[in-house]
Amino acid sequence: MKNTITVGLLGLGTVGSGVIEILRDHKERIEHKTGCDVTIKSVLVHDLSKQRELPAETQLTDQYEDITRDPEIDVIVEVMGGIEHTLTILLEAIEHGKHIVTANKDLVAQHGEQLFEACQKHNCDLYYEASVAGGIPIIRSIMDGLSSDRIRKMMGIVNGTTNYIMTKMDQDGVDFDTVLKEAQDLGFAEADPTADVDGLDAARKMTILSILGFSMPYNLDDVDVKGIRGISIDDIDYAKEMGYRIKLIGIAENDANGVSVSVEPTFLPAEHPLSSVHDEYNAVYVYGDAVGETMFYGPGAGKLPTATAVVADLIAVLKNIRLGTTGTAYVQPQFPKQLKEKHEKLTKKYLRLHVDDQAGMLRDMTNIFAEYGISFDQFTQRATEEEGERELMMVTHKVSEEDFEKARQDLEGLESVRRIDSIFRVEGED
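Residues numbered from 1 in each chain as written. Predicted model: local features only at pLDDT ≥ 70, side-chain atom pairs only at ≥ 80, totals over all residues. Heavy atoms only, no water.

**Some thoughts on the overall build of the protein**
1) Next: Assigned secondary structure in the protein consists of 14 helices and 17 strands.
2) Next: Across its three principal directions, the C-alpha atoms of the protein cover 85 × 45 × 35 Å.
3) Next: Per-residue burial for the protein yields a buried fraction of 53% across its 430 residues.
4) Next: Taking the contacts inside the protein whose residues are at least 6 apart along the sequence as the reference set, 73% of them involve residues at least 24 apart.
5) Next: Working note: accessible area of the protein is about 19400 Å², and carbon and sulfur atoms make up 45% of it.
6) Next: Here the protein contributes 44 positively and 75 negatively charged side chains, and the mean placements of these two sets differ by 3 Å. (Helix = DSSP H or I, 4+ residues; strand = E, 2+ residues; numbered from the N terminus. Buried < 20%, exposed > 50% of the residue type's maximum accessible area, 1.4 Å probe, protein only. Contact = heavy atoms within 4.5 Å. Areas by Shrake-Rupley, 256 points an atom, 1.4 Å probe, with all protein chains shown as cover. Lys, Arg positive; Asp, Glu negative; His and termini not counted. Charge placed at Lys NZ, Arg CZ, Asp CG, Glu CD.)

See below:
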């Protein structure tokens, strides 16, 4: 039985340096929990000339083979990001018997099945807690804590950048472009914010949660994705008037008709637990048949929160090594993929549009809604600064995506409809 576990670290950015810091500062506690000492032998970096503070026993390399093929290294911790090149590195590491801990959501969402198959073949572990919601132990909670339950629904604020933007728009009344620039200046948003504000980052995380929560081989391409670029201050104000808050929410549902997963701006009831999650924080709300409602809340990113999740996975690998149970954690999805069709996806909808203020306008719209069986929970109208124009805001009762799309197309064909401004999902009881 080994008394020392040797680690190779791929990447020494924010999270990588946090991993080294936690292993150093919590050395005695980790040794007590695992029964062995942890040593980082090698770190893969791009620039060898850059000055860094490292443990005396740790060496730098710019050749990944120095780590993947080193017989002394037991575990590889990957925190450098990237997809295809990183996949190549990790597959080679697994072939050489290395256990893997990664924080790479993009890699797990797109190539998780391939990595797991390789790990099973070579009797290796693969852990990825830090890939979703930073320091929140949501993956371990779903896999272990809720493993005896049947999860019906998961709703998550799983992207800190968009939640920060939505919080500032809501609290300060500042438009999207201004808040995005502020978020970039503060380091909450990347120079290219596409993956965040267009919902792609959240979609990758919801893919991972859906596979685990529903034990079904779900794919990233199966997620319906809509970002936050089109949200206006008007929509935020109207949401408040109607008793809602707007958040970018990942929603995964599983019922008798199958599974649907989406990431989209959503009207949440003001009293919903996720409505009070602000700034860069993340939260995941889970509903199970037995446990009912639970919510997991905490920092979704950052040096030490993410590094804490990485090291927690490393500790799990160390325990498996000591117990001789490596390579056995992964369980194939239990159910075949069953996706809902558009006519089976039932949601409430918020609709805002501008129309001509003329006789018969409401009658024509009502006829369209009646044709598709659409009724309303809330309906408001008001005059605008434009002569002869009205602005209408409405929240429907539950309607199928198929019927609502047909009604929207028919509305656009009415001469009295000047433009449809906003359409968002609404959560809440009918």
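**Some words on a nonpolar patch on the surface**
1) Next: On the surface, a cluster of nonpolar side chains totalling about 280 Å² of accessible area is made up of Tyr281, Met295 and Tyr297.
2) Next: Mapped onto the elements of the fold, Tyr281 is located in strand 11 (residues 281-288). (Patch = residues over 30% accessible without salt bridge, like charges linked within 9 Å, V, L, I, M, F, W, Y side chains within 5 Å. Salt bridge = Lys/Arg side-chain N within 4 Å of Asp/Glu carboxyl O.)

**A look at empty space enclosed by the protein**
1) Next: Evaluated as defined, the whole model comprises two cavities of 30 Å³ or more.
2) Next: Here the largest cavity is characterised by a volume of approximately 70 Å³.
3) Next: Lining of the largest cavity is provided by Phe116, Cys119, Gln120, Cys124, Asp125, Leu126, Gly327, Thr328, Ala329 and Tyr330.
4) Next: Here the element with the most residues in the lining of the largest cavity is helix 5 (residues 105-122); it accounts for three residues.
5) Next: Along the lines of polarity and charge, the residues of the lining of the largest cavity split into six nonpolar, three polar and one charged.
6) Next: If you add up the space inside the second largest cavity, you get close to 40 Å³.
7) Next: Residue lining of the second largest cavity: Met166, Thr167, Asp170, Gln171, Arg245, Ile246, Lys247, Ser275 and His278, and that is the complete set.
8) Next: For the lining of the second largest cavity, the secondary structure elements donating two or more residues are helix 7 (160-172) and strand 9 (244-255). (1 Å grid on protein atoms, 1.4 Å probe; cavity = no way out; pocket = protein on both sides within 12 Å on 5 of 7 lines; lining within 4 Å. Points joined across faces, edges and corners; volume = space filled by probe spheres on them. Nonpolar A, V, L, I, M, F, W, Y, C, P; charged D, E, K, R; others polar.)

**Considerations on the environment of Met206**
1) Next: With respect to the secondary-structure elements, Met206 resides in helix 10 (residues 200-214).
2) Next: Spatially, the C-alpha atoms of Met206 and Pro265 are 14 Å apart, while their sequence positions differ by 59 residues.
3) Next: Apart from residues lying up to four places away in sequence, Met206 is in contact with Met154, Val158, Gly250, Ile251, Ala252, Val261 and Val263.

**Some words on the pairing of strand 12 (residues 292-299)**
1) Next: Direction of pairing for strand 11 relative to strand 12: antiparallel, over a ladder of eight bridges. Within strand 12, the position partnered with Gly288 by the bridge is Gly292.
2) Next: Where strand 11 hands over to strand 12, the hairpin turn is made up of three residues, counted between the paired strands. (Pairing = 2+ DSSP bridges.)

**Examining the packing of aromatic side chains**
Working definition: an aromatic ring pair is given by the centre-to-centre distance plus the angle between the planes.
1) Next: Applying the stated criterion across every chain yields a total of eight aromatic pairs.
2) Next: Ring centres 5.7 Å apart and planes at 50 degrees place the aromatic pair Tyr244 and Phe267 in the tilted group. In this pair, Tyr244 is assigned in strand 9 and Phe267 in strand 10 (residues 258-269), connecting sequence segments 23 residues apart.
3) Next: Residue classification places Phe267 among the buried residues on the basis of a relative accessible area of 0%.
4) Next: Ring pairing ties together the aromatic residues Tyr244, Phe267, Tyr350 and Phe424, which thus form one cluster.
5) Next: It is Lys349 that lies over the ring of Phe404; its NZ or CZ is 5.8 Å from the centre. (Phe/Tyr/Trp six-rings, centres within 6.5 Å; stacked < 30°, edge-to-face > 60°. Lys NZ or Arg CZ within 6 Å of the ring centre and 35° of its normal.)

**Description of the sheet that holds strand 2 (residues 37-44)**
1) Next: Taken in spatial order, the six strands make up an open sheet running 3-2-1-4-5-6, and their pairing is parallel. Edge positions in the sheet fall to strand 3 (59-61) and strand 6 (126-127), since each has one partner strand and no second.
2) Next: Sheet analysis places strand 1 (residues 4-10) next to strand 4 (residues 75-78), joined by four bridges and oriented parallel. Residue pairing for strand 4: Val7 is matched across the bridge by Val75.

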